[in-house]
Amino acid sequence: AGVGIIFLGILRQDGDVAWFWSLNSFIIVLGGTIAASMVNYPIKNILGLFSVVKNVFSSDENDYQGIIEEIVEKGEKARKNGVLSLEADLTSIESTFLRNGIELAINERDPARLRNYLNLELSNIQKRHKMGQEIFFYLGSYAPAFGMLGTVMGLIVMMNNFATGGGEEASASYDVAEKFAALLSGMGLALITTFYGVFMSNMIFIPIGGKLKRKSENEMMLKNIVIEGIISIHAREHPMLIKEKLMTFVPSSQR
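Small disclaimer: the values here were computed from a predicted structure and weren't measured. (Residues numbered from 1 in each chain as written. Predicted model: local features only at pLDDT ≥ 70, side-chain atom pairs only at ≥ 80, totals over all residues. Heavy atoms only, no water.)

A. Just the pattern of salt bridges, in detail. Counted according to the given criterion, the structure contains 9 salt bridges. Of the charged contacts in the structure, one is a salt bridge between Glu69 and Lys243, with a shortest N-O distance of 3.1 Å. Note that Glu69 is positioned in helix H5 (residues 64–81) and Lys243 in helix H9 (residues 239–247), a separation of 174 residues in sequence. Its relative accessible area of 29% is what places Lys243 among the partly exposed residues. Measuring nitrogen to oxygen at the nearest pair gives 3.5 Å for the salt bridge that ties Lys245 to Glu237. The exposure class assigned to Glu237 is partly exposed, which follows from its relative accessible area of 27%. One network of salt bridges, with partners in common, ties together Lys74, Lys77 and Asp89. (Salt bridge = Lys/Arg side-chain N within 4 Å of Asp/Glu carboxyl O. Helix = DSSP H or I, 4+ residues; strand = E, 2+ residues; numbered from the N terminus. Buried < 20%, exposed > 50% of the residue type's maximum accessible area, 1.4 Å probe, protein only.)

B. Representation of the packing of aromatic side chains in the model. With the rule as written, the count across this model stands at 7 aromatic pairs. Consider the rings of Tyr41 and Tyr138, whose centres lie 5.9 Å apart with planes at 65°: the pair is edge-to-face. Placement of Tyr41 in the loop between helix H2 (23–40) and helix H3 (43–47) and of Tyr138 in helix H7 (residues 111–164) is noted, with a sequence separation of 97 residues between them. Overall, Tyr138 belongs to the partly exposed group, its relative accessible area being 35%. Of the aromatic side chains, those joined through ring pairs into one cluster are Phe20, Trp21, Phe26, Phe195, Tyr196 and Phe199. Between Lys223 and the ring centre of Phe97, over which it is positioned, the NZ or CZ distance is 5.4 Å. (Phe/Tyr/Trp six-rings, centres within 6.5 Å; stacked < 30°, edge-to-face > 60°. Lys NZ or Arg CZ within 6 Å of the ring centre and 35° of its normal.)

C. Structural view of the nonpolar core. By size, the foremost hydrophobic cluster in this structure holds 31 residues, and its most contacted members are Ile67, Ile68, Ile71, Leu98, Ile102 and Ile230. At the level of secondary structure, the elements contributing two or more residues to this core comprise H5, helix H6 (96–107), H7, helix H8 (176–234) and H9. In terms of residue count, H8 provides more of this core than any other element does, 8 residues in total. (Core = buried A, V, L, I, M, F, W, Y, C linked by side-chain atoms within 4.5 Å.)

So this is what it looks like as structure tokens:
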């Protein structure tokens, strides 16, 4: 949709889309942006962006109700038969975080230490998510700067050519009007680099970083539900109380 809006804007201004293509500008902006990011982060993190981008276009459905029902079911069984009885159900639990948490609850008697372990794992997951978000936000901040750098480079070359009259290849009949025509053409080409930088930053990198941040927040909400549910199971609370407590995490529109 964003690319379509840009094309529509060009066409409505009676412009030619071909004017906005420059391989040199593209290389300067994208190559410079990636190179600068590789100074901030190891190359393995930069190469790992391809797997991170897949998450942007993946399904964004968090089954709050389903996970709560599963926790309540496990809580009911633990209340009747003890937490140790959940060991037989571990292989059937799809959520890795819930499965690991219940396994910890089976082996850890102290609820304070159990909560500490779960929060530590949640914190580590959040740090990994933040790494992917930060890289895209950095890419979004570098791209306009390299766009401006490319424009300055183009203006320097253009001004030098203008001052020398085009070098040895310039003919004696190369008049002022032709010089200014070439100057304006070169200025337009130089500004394309800034266009690329702004476009990549605001249409690609920053929106992807924002999307990853929102998806991470939703996932952290789901994992907080799981943590509270595991602590409640460990305490052998009544299933009805567990459900009521966990439903407070769910948006009112989904309750």
